Amino acid sequence: MFNLAKALFRTFLFVSISTGLCAQTDSLLLIDQVEGIKIQPSVNTGYSYLSSDQIATSIVTLSRNDFNKGNIYNPWQLIQGRVPGLSITRVGNNPNADFDVRMRGLSTINSDATPLIVIDGVAGMDINQLDPNDVASITILKDAAVAAIYGTRAATGVVIFNTLKKGSLNGVTDISIGSYVGVDNYVLPNIRNLTANEYIARGGTDYGANTDWIEEVTETAISKAANASVGGAFGNAHFRASANWRSNQGIVEGVENERLNTRLSLGHSLVNGRLRVNASAAVNSSEYSDKASDIFTYAMIYNPTAPVYAYDRLAEVGPYFQQDLYDFYNPIALRDQQLFGGKREDLLVSFRGEFDLFHNLTTSLVYTQNSASSLYGQFYSLKDFQIGSFSQGIAKRTTDDQRNEVFTGTLRYIEQLNAQIGVQALLGVERQVRGNEGFGAEVRQFLFDANTWNNLGAGAIRDGANTDVYSYKSEDVLNSVFAQVNLNFNDTYYLGATLRSDSYSGFGANNKTGYFPSISAAIELTNLFDLSNTDQLKLRASYGVNGGLPDRPDLSLGLYENGPKKDLDLDPNTTDDVIVEPVQTTNPNPELKWEERREFNLGLDFSFANSKLTGSLDIYNRTIKDGIGRLVMPIGTPNEFIPGQFNSASATWANIFDFKSGGFEAMISYNKAQLGPVQWTTSINFAAYQETRIESMKTENGTGYDFIRSGYRFVGSSAPPLIEHREGQAFGNIWGPRFVGVDDNGNAIHEPVNTTNTDEYSIIGNALPKGQLGWYNQFELKHWTLSFFFRGTFGHDLVNTFRNLYENEHQFSNTWNSIVTDKDLGLTSAPVFSDLYVEDASYLRLDNLQLAYDFQLDNEWMPKLRLYFAAQNLFTITNYAGVDSEVRWYNAWPSPNLREDTLAPGIERRSTYFPTRTFLIGFEIGLK
C-alpha cells in the first residue's frame, strides 16, 4: 500500500514538473528531495520530458553552469567541445562567419549538415534569433532513436535550446546587469613569411621598402558586450525581459558585427493551475561589415620590399603601390577599395497553451512565427586593381526575406498504472510552412568612386559581365503526425518507442511521405544486483530511423534557369527585339526521396559515491541510405525515373549513394573533490570515429562526376583535383603523388615520376577526424573560482596550400614572398602537389580560461557582484605548419560570397582568416 501511494505521489510530482514548472522555470534540471523520494532531473526529449533515470537513448543536457566562458556571442560557443561527438568548428576568427556543426561526424553530403535547432520546443529555428545570455539549458539528442520524433529533419541530429523565462519565485523582481570588454590579436605559431632582408637574399625583386604586410593589415580588435534583464513571478503570473548588445571587431579594419537581441516572455496560470499560457517575442537586429578574405592571402605572399603607397599612380590605381603581375594585389588596397556588408532583422513570436483535461491527460497548442529580412551589399572601387578596375567599378545590392510558421498540437498522457508500471504517451500533429523570397541587382562602370552600393543607378552598364538582375520566391510545406510512448517497469526496466510520419512538398511526386520509427530500452542494474557504492548503472540500447531534407524544395522538378539573351523578331517594325531564353538545367525525378539515417546505439550510464563520479559510454553504428547527389546524364538518353521519357538536360538530382560510419563516445565527471581548502570539479569527454566508408554510388546512365571528384585545383597549378571519392573507400580521401626525396640540384623526386598521371596516384591522407577531446576543470577557493577548458581534435589531415605554393626556393620568389616553416627541405623546383604538403593537423588547444571573484555583500538589494578575467585560445599544441589546424569539413572558395564544396574537405585555403587570442574583463551584478 505504501509503495502504491509512493508511486502515485511520485507520478503526481512528475506530472506537475513536466507539464507546469518545466514550461516556466529557468532550468529544466530540477532536483529535490521530498519525503525521501528523489525527483530526478527532468530532461527534454523533444516534445515532452522524461526524468533522467528513464532515459533509454543518448541525450546530453548542459545547464548554465556547464557553459563555456569568455567572448561568447554565438550560442554554439556555449557548448563547443563540451559534448562528445558534437563537432563545433570555425576556421580563424571572423566575427561574421558561421560555425560549422556536425553531429557524430558526416551525416549527409548535399543537405544542410547543421543539426535541427529547436528553441523552446519549436523546431526549425535559426540560431541567430538567440542570444547566449538568454539560454537556460541546451539538450543534445544524439542518437537516431531519440531524434526520430523529428522525422525528416533529424538526420543531422537535434539540439534543443531552452531560454530563461523568469526570475525568482518569491514575488521579488530580479534584475541582472553585466558587461565586458575584450581585445583580440592574431596568432600564427608555426608559419611565417620572409622579412624584407631575407627576401632580397633569396633573390626577390627589391622595391626599396621594408613592409610587414601582416602587421599592416591586422590590428587589435575590440569586443564589447552589455546585457540587462528583469524578471519575476507574482501569484500565478511570471515574466522576463532582456536586452543584449554586442559589438565584435575583426582583426582587419572594417570587419565588425554589431547586434542587439531583445526578448520578452510572459506566462500565466489559470483555472486553479490547470490552464497555463505563455507568450514570448524576440526582436533581433544586426549590422555587419566585412572584407575579402583574400587580404590574408596577400598579406602572407606580397613582396615585403614593396611600399604600401605609391602616389605616382594615383589616377590609375589610387594611392596604393600596385604592379601588373599575376596574382599580385596590395592587401591594404583590397581592404580599402572593396566593401561588403549588410544588416538583418529577425522577429520571433510564440504562443503556447496547456490544459490539463484530467490529472493525467494534458493537451497543448503551440503557434510560432519567425521572420528574417536581410539586406546585403558589395562594392568594388573603379580603382580596385583586383576586380573593380576592369569594370570601372562594380556595385551590388540584394535582399532576402524568410518566413517560418509552425503549428503544433499534442496530447500527453501520464499515468502510474499500478505500483510497478508507469506509462507516458504522446500524440501530436504539426504543420510547418517556410517561405523565401528576394531580389538583387548588380551594375558596373561608374563615373565617380562613391565607395558604396547605395546608388546603383549611377552604374552606366547593366548588362553583360559583372552585372545581374534577378528575383526569386519559394515555399515548402511539411505536414506531420507523431506518437511516442515510454514505459517504466518498477523503476528498473524502461521501454520507449516513437513513430513519425512526414509529408514534404519538396520530395518527388511518388515519395511525398516518409515514416520514421524508433525503439529504445534500458535496464537499471543496481536494482537487480547488490552493487555497493553504486548509485546508477544503467544499460541501454536503441535503434532509430531519421530523414534528411534536400537543399531546396524544387530538386525533384525539371528546373529551368535564365539563359543567354537571344535576338528574336517579335515586331517587324523594330530591329532590337531581345528575349531571355530559358534553359533547362536538370531533369525531373518523381522518385526523389529523403536521405535516411539508420542508427543503432548501445550505452551505459553510471554514477558512484553519491554522484561524485558520473558518466556515460556510447557505441553506435550508422548507415546513411539514399544520399542525394547530382548525376550527370547525357541528353537524349532515357530518363530512368520516368519510363518513356528522355533526358532533356545534362543532370538529374537523385538518391545515388549510401555510406556507413560509427564511433565510440565517453563522458566522465568527478564533482567537487576536496583538495584541502580547494574544491575541484573535472569533466572529460572523448569521441572516436570510424572512417566514413562509401558503400555504394549510383552511376548508371551517367558518370556521377559531381560526386566522385571535387573541382578544386591550386591557383597556377595544372594538377588534377585533390579529393576523390570512390565506391568502397573512405570519404574524404586525399589523392596524389608521393614525395620520395630531393636530388642534388634541389629538385623534388616523386612517385609516380609523371605527377599528372592520376591512374598511379595513391591515397596520401584523409580529411575527416578520427577523434575529439574536451577536458574541463574548475577550482573553487572561498570567493575565487578558476576554470579552464582544453579542446582537441585528432587524426585529420590538411592540405597546406601555402607550403605547396610558396615554400620552395624557386623563381616565384622573385615575385611572391616565401613561407618559412620547420618542414622546409630547401627545394628549388617548381611547386608540385604531393604528400609532402599533406600534414597531420591534430591539435590540443587551451580554448578558454576564466578567473572570477564573487563578492559577499551584506545587503539584500544587491546579492550578487562578480568580477572576472577570461582568455580564449591561449595556446595550441600541434605539428601542423599552416594557419589554422581546425578541421575543414568542406572547401570554401576565396570570394566575398563563399562557395561551399562539400566534396572537398581538408583543404586549407590561402585566404584562411587568421585565428586570434582573446583577453577580456567583465562584471555581473544581481539586484532585487
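These numbers come from a predicted model, not from an experiment. (Residues numbered from 1 in each chain as written. Predicted model: local features only at pLDDT ≥ 70, side-chain atom pairs only at ≥ 80, totals over all residues. Heavy atoms only, no water.)

Draft legend 1. Inspection of the overall build of the chain at higher detail. Tallying secondary structure elements over the chain gives nine helices and 47 strands in all. Taken over the C-alpha trace, the chain has a radius of gyration of 30 Å; the compact-globule value for 928 residues is 30 Å, and the two agree within 12%. Overall, the chain is about 95 × 75 × 55 Å in size when its C-alpha atoms are taken along their principal axes. Relative to its 928 residues, the chain shows a buried fraction of 55%. Within the chain, residue pairs in contact and separated by at least 24 positions form 72% of the contacts whose partners lie at least 6 positions apart. Approximately 38,100 Å² of the chain is accessible, and the part contributed by carbon and sulfur atoms is 56%. Once the 74 positive and 103 negative side-chain charges of the chain are each reduced to a mean point, those two points are 6 Å apart. (Helix = DSSP H or I, 4+ residues; strand = E, 2+ residues; numbered from the N terminus. Rg over C-alpha atoms; globule rule 2.2 N^0.38 Å. Buried < 20%, exposed > 50% of the residue type's maximum accessible area, 1.4 Å probe, protein only. Contact = heavy atoms within 4.5 Å. Areas by Shrake-Rupley, 256 points an atom, 1.4 Å probe, with all protein chains shown as cover. Lys, Arg positive; Asp, Glu negative; His and termini not counted. Charge placed at Lys NZ, Arg CZ, Asp CG, Glu CD.)

Draft legend 2. Summary view of helix α5 (residues 294-301). The buried fraction of α5 amounts to eight of the eight residues, a majority that puts the element mostly inside the structure. Elements that come into contact with the buried residues of α5 comprise β13 (192-193), α4 (213-217), α7 (331-337), α9 (801-806) and β40 (819-820).

Draft legend 3. Representation of the environment of leucine 62 within the structure. Within the secondary structure layout, leucine 62 lies in strand β5 (residues 59-63). Placed 179 residues apart in sequence, leucine 62 and alanine 241 show a C-alpha to C-alpha distance of 23 Å.

Draft legend 4. Summary view of the side chain of glutamine 772. Structurally, the position occupied by glutamine 772 is in strand β37 (residues 771-781). Taking relative accessible area as the criterion, glutamine 772 reaches 8% and is therefore assigned buried. For glutamine 772, the side chain forms a polar contact with the main-chain oxygen of leucine 86, separated by 3.3 Å. The residues touching glutamine 772, leaving out its near neighbours within four places in the chain, are Val83, Pro84, Gly85, Leu86, Ser87, Asn685, Phe686, Ala687, Tyr689, Gly792, Thr793 and Phe794. (Polar contact = N/O pair within 3.5 Å; in protein donor to acceptor, adjacent residues only side chain to side chain.)

Draft legend 5. Spatial organisation of the sheet that holds strand β41 (residues 838-840). Taken together, the three strands give an open sheet; going across it, the order is β41-β39-β46, and neighbouring strands pair in mixed fashion. The sheet is open, and its two edges are formed by β41 and β46 (907-908), each paired on a single side. Direction of pairing for strand β39 (residues 797-800) relative to β46: parallel, over a ladder of two bridges. Within β46, the residue paired with valine 799 across the bridge is isoleucine 907. (Pairing = 2+ DSSP bridges.)

Draft legend 6. Broad picture of the sheet that holds strand β10 (residues 135-141). A sheet is described by the order of its strands in space; here five strands give the open sequence β5-β10-β11-β8-β9, paired in mixed fashion. Looking at which strands have only one partner, the edges of the open sheet turn out to be β5 and β9 (122-123). As defined by bridge partners, β10 adjoins strand β11 (residues 158-163) across six bridges and the pair is classed as antiparallel. In the sheet register, threonine 139 faces β11, and the bridge partner there is isoleucine 160.

Draft legend 7. How the structure looks around the pairing of strand β22 (residues 468-489). Bridging between strand β21 (residues 421-444) and β22 involves 22 bridges; their strand directions are antiparallel. If you follow glutamate 430 over to β22, its bridge partner there is serine 480. Summarising the sheet, β22 and strand β23 (residues 493-504) pair through 12 bridges and their orientation is antiparallel. The residue bridging phenylalanine 489 from the neighbouring strand is tyrosine 493, located in β23. Count of turn residues in the β22/β23 antiparallel hairpin: three residues, of which asparagine 490 carries a positive phi of about 60°.

Draft legend 8. Highlighting the packing of aromatic side chains. Using the criterion set out here, one finds 30 aromatic pairs in the structure. Consider the rings of phenylalanine 516 and tryptophan 594, whose centres lie 5.8 Å apart with planes at 70°: the pair is edge-to-face. On the criterion of sequence distance, the pair formed by phenylalanine 516 in strand β24 (residues 513-524) and tryptophan 594 in the loop between β27 (578-584) and β28 (595-608) is long-range, its members being 78 residues apart. Here tryptophan 594 falls in the buried class, since its relative accessible area comes to 6%. Every member of this aromatic cluster is reached through a ring pair, and the members are Trp680, Trp775, Phe779, Phe788, Phe790 and Phe875. The aromatic ring of phenylalanine 789 is capped on one face by arginine 82, whose charged end is 5.1 Å from the ring centroid. (Phe/Tyr/Trp six-rings, centres within 6.5 Å; stacked < 30°, edge-to-face > 60°. Lys NZ or Arg CZ within 6 Å of the ring centre and 35° of its normal.)

Draft legend 9. Summary view of the nonpolar core. Leu188, Met300, Ile301, Phe802, Tyr806 and Phe914 are the most contacted members of the largest nonpolar core, which totals 36 residues. Those elements giving two or more residues to this core turn out to be α4, α5, α7 and α9. With six residues, α5 is the single largest residue contributor to this core. Excluding residues within four positions of it along the chain, phenylalanine 914 makes contact with Gly92, Asn93, Tyr186, Leu188, Ile214, Thr218, Ile251, Phe296, Met300 and Val883. Core analysis: the next-biggest nonpolar cluster, separate from the first, contains 29 residues, Trp76, Ile88, Phe99 and Ile138 among them. (Core = buried A, V, L, I, M, F, W, Y, C linked by side-chain atoms within 4.5 Å.)

Draft legend 10. Summary view of the confidence of the model for the chain. Scored by pLDDT, the chain has a mean of 88; 91% of the residues are at 70 or more. Confidence drops under a pLDDT of 50 for residues 1-40, and excluding neighbours within four residues, the segment shows 82 contacts in the predicted structure. (pLDDT = per-residue confidence, 0-100.)

Draft legend 11. Highlighting unusual backbone geometry. Along the chain, glutamate 751 connects to proline 752 via a cis peptide bond; the corresponding omega equals 5°. Along the chain, proline 752 falls in the loop between β35 (748-751) and β36 (762-766). One non-glycine residue with positive phi stands out, namely glutamine 392, at about 60°. Considering the arrangement of structural elements, one finds glutamine 392 in the loop between β19 (361-380) and β20 (394-416).

Draft legend 12. Up close: the pattern of salt bridges. The final tally for this structure, using the stated rule, is 45 salt bridges. The partner of arginine 246 in a salt bridge is aspartate 131, with the nearest N and O atoms 2.9 Å apart. Pair noted here: arginine 246 is in strand β15 (residues 237-249) and aspartate 131 is in the loop between β9 and β10, with a separation of 115 residues, a long-range link. Arginine 552 is the salt-bridge partner of aspartate 554, the closest N and O atoms lying 3.1 Å from each other. The class for aspartate 554 is partly exposed, based on a relative accessible area of 22%. Linked through salt bridges whose partners overlap, the residues forming this network are Arg104, Lys142, Arg597, Glu599, Arg622 and Glu665. (Salt bridge = Lys/Arg side-chain N within 4 Å of Asp/Glu carboxyl O.)

Draft legend 13. Examining the environment of glutamate 596 more closely. In this fold, glutamate 596 is placed in strand β28. With a relative accessible area of 10%, glutamate 596 lands in the buried category. Separated by 445 residues in the primary sequence, glutamate 596 and glycine 151 place their C-alpha atoms 9.7 Å from one another. Ignoring anything within four residues of it in the chain, the contact list for glutamate 596 reads Val545, Asn546, Thr623, Ile624 and Lys625. Within the structure, the side chain of glutamate 596 is placed 2.6 Å from the side chain of arginine 598, a separation counted as a polar contact.

Draft legend 14. Quick peek at the environment of serine 556. The topology assignment puts serine 556 in the loop between β25 (534-548) and β26 (560-567). In this structure serine 556 comes out as buried when scored by relative accessible area, which is 8%. For the pair serine 556 and serine 389, spaced 167 residues apart in sequence, the C-alpha separation works out to 42 Å.

Draft legend 15. Geometry of the side chain of aspartate 120. With respect to the helices, strands and loops of the structure, aspartate 120 is situated in the loop between β8 (116-119) and β9. In this view, aspartate 120 contacts Phe161, Asn162, Thr163, Lys165, Arg263 and Arg352; residues no more than four positions away in its chain are not counted.

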